[in-house]
Amino acid sequence: MRFTLLMYYAEQGDTGMSEEEMAPWRDAFNRYARELDDAGVLVAAEVLQASTESATLTLRDNNRVNLVGPFLDTPEKLGGFFVIEAHDPAAALEWAEKCPAAQWGTLEIRPTAVSWSHDDGWHAPN
């Protein structure tokens, strides 16, 4: 089964942490990503730019509405994600518990419903 570990946390500018204080966390994320990769469960991982760089899009009656900045003004923002393959939800939860972001943010563990690939189009992931 494929799961996405969505990481919600305060953005660096909102944490009050310096670059030096963030260094051990970056190292922890590097170790975590390597552990996922070495275990053969990592599909993808992305760290997102600050929410101030985001835009949201809504179409209503074919009219486009763009809102610059985060859609919700909350203390925790979607900061990145890992897509992993796990045998079941319990295994995905075990991997999530190892994620450094769980120490100071919130992780949402969500199973994938369908995936897109060039060869197969939309399909249920194995």
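Below is a summary of the structure that appears in this document. Every value quoted in this text rests on a predicted model; they were computed, and no experiment measured them.

**Describing the nonpolar core**
Of all hydrophobic cores here, the largest spans 18 residues; its most connected members are Met7, Phe82, Ile84 and Cys99. Secondary-structure elements contributing two or more residues to this core are β1 (2-9), α2 (19-38), β5 (77-85) and α3 (89-98). Discounting chain neighbours no more than four positions away, the residues touching Ile84 are Met1, Arg2, Phe3, Leu5, Leu36, Val41, Val43, Ala92 and Trp95.

**Overview of the packing of aromatic side chains**
Scanning all chains against the criterion turns up five aromatic pairs. Seen from their ring centres, Trp25 and Trp104 are 5.6 Å apart, and the 75° between their planes marks the pair as edge-to-face. Highlighted residues: Trp25 in helix α2 and Trp104 in the loop between α3 and β6 (106-111), separated in sequence by 79 residues. Seen in terms of ring centroids, Phe29 and Trp104 are 6.3 Å apart; in terms of plane orientation they differ by 75°. Their pairing is edge-to-face. Taken as a pair, Phe29 in helix α2 and Trp104 in the loop between α3 and β6 lie far apart in primary sequence, 75 residues in all. Overall, Phe29 belongs to the buried group, its relative accessible area being 18%.

**Points about the environment of Pro89**
Its location among the elements puts Pro89 in helix α3. Taking C-alpha positions, Pro89 is 8.3 Å from Ile109, a pair spaced 20 residues apart along the chain. Every residue in contact with Pro89, bar those within four places of it in the chain, is listed here: Met1 and Phe3.

**A closer look at the environment of Glu108**
Note that Glu108 resides in strand β6. By relative accessible area, Glu108 is classed as partly exposed at 22%. Between the C-alpha atom of Glu108 and that of Leu6, which follows or precedes it by 102 residues, the distance is 5.0 Å. What Glu108 contacts, discounting residues up to four positions off in sequence, is Thr4, Leu5, Leu6 and Tyr8. In terms of polar contacts, Glu108 uses its side chain to reach the side chain of Tyr8, at 3.1 Å.

**A word on the environment of Ala124**
Of note, Ala124 is situated in the segment after β8 (121-123). The spacing of Ala124 and Val114 is 10 residues in sequence and 4.5 Å in space, taken between C-alpha atoms.

**What about the pairing of β1?**
The element β1 is extensively covered by neighbouring structure, given that six of its eight residues are classed as buried. For β1 and β5, the ladder comprises eight bridges, and the chain directions are antiparallel. Looking across to β5, one finds that Met7 is bridged to Gly80. Summarising the sheet, β1 and β6 pair through six bridges and their orientation is antiparallel. Considered in β6, the bridge of Leu6 is made with Glu108.

Analysis parameters
- Residues numbered from 1 in each chain as written.
- Predicted model: local features only at pLDDT ≥ 70, side-chain atom pairs only at ≥ 80, totals over all residues.
- Heavy atoms only, no water.
- Core = buried A, V, L, I, M, F, W, Y, C linked by side-chain atoms within 4.5 Å.
- Buried < 20%, exposed > 50% of the residue type's maximum accessible area, 1.4 Å probe, protein only.
- Helix = DSSP H or I, 4+ residues; strand = E, 2+ residues; numbered from the N terminus.
- Contact = heavy atoms within 4.5 Å.
- Phe/Tyr/Trp six-rings, centres within 6.5 Å; stacked < 30°, edge-to-face > 60°.
- Polar contact = N/O pair within 3.5 Å; in protein donor to acceptor, adjacent residues only side chain to side chain.
- Pairing = 2+ DSSP bridges.

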